[in-house]
Amino acid sequence: MFAVVTGGGTSGHVMPAVAILELLKEAGHSPEDLAFVGARRGVETRLLADTDVRTAFLPVSGLQRSLSPRSILRNIVFPFRVIVSRLTAVRLLARWKPRVVVSVGGYASDPVSFAARVRGIPLVCVSYDRVAGLATRKQARHATVCAVAFEGTKLPRAVVTGAPVRAELRHLDVAARRDAARDALGIPRGAVVVTVMGGSLGSGVLNGAVPGIMAACVGAEPVFVFHICGERFENHSTASKVPAGLAGYRSVGYESRMADVYGATDLLVARAGASTVAEIATVGTASILVPWSRAVDNHQFLNAQWLGDASAAVVLPESSCADGVLAAEVKRLVVDANARAALASAARRMGELHRGEALRGVIENAAR
């Protein structure tokens, strides 16, 4: 086998893993020579259900920060899950004999990264946040090389490669896709489309700002608001608050057709997770980013700042969702097509590295 890619738990870790597998397949590596290992409790069991590479899902889980009885019980069995998962991972690598292991971080990456060290297999750590996560920082001490998305990321043997981004987004031509994307999503072709999304789990803060955004946009332009609210918020619809005069509103819990989402969108309002920021830059999308204030090491703000400092995104604090500043900024950009175009163009320039093949080269060099 050529490579085992490992990580997961949340889509923020799974989608980069999928992007790496796609990158390797594009380079000519057969699906039979690739594998993915994640966690049984992670979203990867669903997101990789139809993949053409081998998969394995281990019982490893993350530490729980809650003091609920269920969380306490999960923390009690945590060490046993880690031990079983590590032993299973060692056996998997002994059977598969990969030339390289690629870790995208998250708790699900621990067992296979440990097994790579035990068996002397080169380990590539891929970091796509400006501040690497805890699992990546620990694994990086033993990694052959660390592929990082940002200059200045403090990991040993770091090489700047850009972030792993799905193939459909790396190759997306927004202008060519626009009409078909809007037809696929049920969005009118003639409207200015404002998409609001809060990551795979959704954001209560952004969801709460949607009524104000819609009210601010009435009378500005024909505006359609496409709201990806998160599956846990599906029953908290704002459809009853849609004001008269808006071109339309649609809410979905989750949307997997991200090429259509980016293709249809004129202005994106989003959190600043690493994958979202990388996708915005890769595609070239005008955006307003509202970093999650409680993100570990304030990494969402640092991610957003990378675009904000280059005038490639508008970065606002969470307080802007409640005090009307976010809604006013959305209205400004809805009305000013030139300002949106400038943001999109600047973002796309920032994404040049993500659209390249530097990451593939680092992985292949480590496997030699």
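Chemist: Hey, could you run me through the overall build of the protein in this one?
Modeler: If you tally the helices and strands in the protein, you get 15 helices and 13 strands. Relative to the compact-globule value of 21 Å for 368 residues, the protein shows a C-alpha radius of gyration of 21 Å, a close match. Projected onto its principal axes, the C-alpha positions of the protein cover 65 × 45 × 35 Å. By residue count, 54% of the 368 residues in the protein fall in the buried class. Across the protein, every contact between residues at least 6 apart in sequence was considered, and the portion connecting residues at least 24 apart equals 67%. Here the protein contributes 42 positive and 30 negative side-chain charges, whose respective centroids are spaced 9 Å apart.

Chemist: Teacher, can you tell me more about the sheet that holds strand β11 (residues 267-270) here?
Modeler: Consider a sheet: its strands pair through backbone hydrogen bonds, and that pairing is either parallel or antiparallel. The parallel open sheet is built from six strands, whose spatial order is β10-β9-β8-β11-β12-β13. Two strands lie at the open edges of the sheet, namely β10 (248-252) and β13 (314-315), each paired on one side alone. Here five bridges tie strand β9 (residues 223-228) to β10, and the two strands are oriented parallel to one another. Its bridge partner lying in β10, Phe226 is registered against Arg250. Here helix α8 (residues 204-217) sits on the sheet in contact with β8 (192-197), β9, β10 and β11, set at roughly 175° to β9.

Chemist: In this structure, what is going on with unusual backbone geometry? I would like to understand it.
Modeler: The phi angle of most residues is negative, glycine excepted, and most peptide bonds adopt the trans form. Although it is not a glycine, Arg157 adopts a positive phi angle of roughly 55°. In this fold, Arg157 is placed in the loop between β6 (145-148) and β7 (158-160). Overall, Arg157 belongs to the partly exposed group, its relative accessible area being 43%.

Chemist: Sorry if this is basic, but what is going on with the side chain of Ser85 here?
Modeler: On the secondary structure map, Ser85 appears in helix α3 (residues 69-96). Ignoring anything within four residues of it in the chain, the contact list for Ser85 reads Leu58, Pro59, Val60 and Pro111.

Chemist: Would you take a moment to explain the sheet that holds β6 for this structure?
Modeler: On the basis of which strands lie adjacent, the open sheet formed by seven strands has the order β3-β2-β1-β4-β5-β6-β7 and parallel pairing. Sheet topology places β3 (54-58) and β7 at the edges, where each strand pairs with a single neighbour. Looking at each pair of strands side by side, their axes are set apart by 25° on average, direction ignored. Bridge count between strand β2 (residues 34-39) and β3: five bridges; the pairing is parallel.

Chemist: Please clarify how the pattern of salt bridges should be interpreted in this entry.
Modeler: For side chains of opposite charge, pairing can occur when their charged atoms come near one another. A complete count under the given rule lists 15 salt bridges for this structure. One salt bridge in this structure joins Arg166 and Glu22, with 2.8 Å as the shortest N-O distance. Here Arg166, found in the loop between β7 and α6 (167-170), pairs with Glu22, found in helix α1 (residues 11-26); they are 144 residues apart in sequence, far enough to count as distant. Under the relative-accessibility criterion, Glu22 is labelled buried at 15%.

Chemist: Sorry if this is basic, but what is going on with the layout of surface pockets here?
Modeler: Sizing a probe to match a water molecule and rolling it over the atoms shows the empty space that remains. Considered as a void within the structure, the second largest pocket measures approximately 180 Å³ in volume. If you trace the second largest pocket, you find 14 residues lining it, with Val174, Arg178, Thr265, Gly284 and Ala344 closest to the centre. Broken down by secondary-structure element, the contributors of at least two residues to the lining of the second largest pocket are α7 (174-185) and α14 (337-350). If one sorts the elements of the lining of the second largest pocket by residue count, α14 sits on top with four residues. Its residues assigned to classes, the lining of the second largest pocket comprises seven nonpolar, three polar and four charged.

Chemist: What is the right way to look at helix α13 (residues 325-335) in this model?
Modeler: Since the α-helix packs 3.6 residues into each turn, any two residues three or four apart lie on the same face. Turning to α13, its buried residues number three or more, namely Leu326, Ala327, Glu329, Val330, Leu333 and Val334. Each buried residue of α13 lies within a common arc of 160° when the element is viewed along its axis, so the set occupies one face.

Chemist: Just to check I follow, could you spell out the packing of α1 against helix α15 (residues 358-366) for this structure?
Modeler: One can describe the packing of α1 onto α15 by two numbers: an axis separation of 10 Å at closest approach and a directional angle of 80°. It follows that α1 is roughly perpendicular to α15 by the angle criterion. On the side of α1, the interface is formed by Ile20, Leu23 and Leu24, while α15 contributes Leu359, Arg360 and Ile363. A breakdown of the residues in the contact of α1 with α15 according to their chemical character gives five nonpolar, no polar and one charged.

Conventions we followed
Residues numbered from 1 in each chain as written. Predicted model: local features only at pLDDT ≥ 70, side-chain atom pairs only at ≥ 80, totals over all residues. Heavy atoms only, no water. Helix = DSSP H or I, 4+ residues; strand = E, 2+ residues; numbered from the N terminus. Rg over C-alpha atoms; globule rule 2.2 N^0.38 Å. Buried < 20%, exposed > 50% of the residue type's maximum accessible area, 1.4 Å probe, protein only. Contact = heavy atoms within 4.5 Å. Lys, Arg positive; Asp, Glu negative; His and termini not counted. Charge placed at Lys NZ, Arg CZ, Asp CG, Glu CD. Pairing = 2+ DSSP bridges. Axes fitted to C-alpha atoms, helices over the stretch in contact; angles between N-to-C directions. Salt bridge = Lys/Arg side-chain N within 4 Å of Asp/Glu carboxyl O. 1 Å grid on protein atoms, 1.4 Å probe; cavity = no way out; pocket = protein on both sides within 12 Å on 5 of 7 lines; lining within 4 Å. Points joined across faces, edges and corners; volume = space filled by probe spheres on them. Nonpolar A, V, L, I, M, F, W, Y, C, P; charged D, E, K, R; others polar. Arc of directions from axis to C-beta. Parallel < 35°, antiparallel > 145°, perpendicular 65-115°, else oblique.

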